[in-house]
Amino acid sequence: MDKKLLIIDGMNLIRRLYAALDAEPDLSRRVERTQSIAIDALAKLTTQFKPSYVVVVFDSNAKTWRHEVYPEYKLGRVPMDDQLLESLSEFAKMFRFNGLHCLRLDGWEADDLIATLAVKASQNHIKSYIVSTDKGFTQLLGDELIYQYDYFAKLGYDKAWVPEKYGVEPDQLVDYWALVGDTTNRIPGVKGIGQKQPWASSKIFRQ
């Protein structure tokens, strides 16, 4: 049986689940409900993918090398609610209690750790499924052993999807985003250059 590594982008999952409960006025209750739903989501994912290994990856609170290279990186992004921020260690404790490994390294974003894990797994002939809605991971899909899965849309993406979406190959995405910009991370791009036309996206696998 092929070995599979399931890599969960912890903050991506938690923040989206938390945002979906914005009608809950009691922030403590909102965090508790998010914790419960997150555990349920992880249980569904492990049942669905039947991975050999699972890890939930968290961001570090400290600034990273990206801020040194580009001080305006993520400037202006809506900050996390204090109540949720203070509860992150509790999320990790609950995940570990349920048998899930958690990873966080000071000075490194979850993106860096997730990419490293996926590439290392591929080098050892292990398939990786990155559970995240973050488009930055699509540049890894040039590796045929790395896939991305959107838990909320229930859609998965692979190498063939990238040119349909962006009009370039996965290994060209860094240059593509440098040219057209990336509003999510406050990267302006080159003035006068943009995506010429919308590319039709397609679902690649559904599990």
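Being a predicted model, the structure only gives us computed values, none of them experimental. (Residues numbered from 1 in each chain as written. Predicted model: local features only at pLDDT ≥ 70, side-chain atom pairs only at ≥ 80, totals over all residues. Heavy atoms only, no water.)

A. Inspection of the environment of Y176 at higher detail. Looking at where Y176 falls in the secondary structure, it is placed in helix α8 (residues 173-180). Look at Y176 and you get buried, because its relative accessible area is 12%. (Helix = DSSP H or I, 4+ residues; strand = E, 2+ residues; numbered from the N terminus. Buried < 20%, exposed > 50% of the residue type's maximum accessible area, 1.4 Å probe, protein only.)

B. Inspection of the packing of helix α2 (residues 27-49) against helix α5 (residues 88-97) at higher detail. Axis separation between α2 and α5 bottoms out at 11 Å; the angle between their running directions is 35°. Here the hand of the crossing between α2 and α5 comes out right-handed. From α2, V31, T34, Q35, A38, I39 and L42 reach across to α5, where they touch E90, F91, M94 and F95. Taken together, the residues of the contact of α2 with α5 break down into seven nonpolar, two polar and one charged. (Axes fitted to C-alpha atoms, helices over the stretch in contact; angles between N-to-C directions. Left-handed = near helix turned anticlockwise from the far one by under 90°. Contact = heavy atoms within 4.5 Å. Nonpolar A, V, L, I, M, F, W, Y, C, P; charged D, E, K, R; others polar.)

C. The arrangement of the packing of helix α1 (residues 10-19) against α2 in detail. Close contact between α1 and α2 brings their axes to 9 Å; oriented N to C, the two are set at 125°. On the basis of the axis angle, α1 is oblique to α2. Crossing of α1 against α2: the hand is right-handed. Contact residues: L13, I14, L17, Y18 and A19 in α1; L27, R30, V31, T34, I37, A38, A41 and L42 in α2. When grouped by side-chain class, the residues that make up the contact of α1 with α2 number eleven nonpolar, one polar and one charged. (Parallel < 35°, antiparallel > 145°, perpendicular 65-115°, else oblique.)

D. Fine view of the environment of P188. Here P188 is to be found in the segment after α8. Along the chain, P188 and W177 lie eleven residues apart, while their C-alpha atoms are 9.3 Å from each other.

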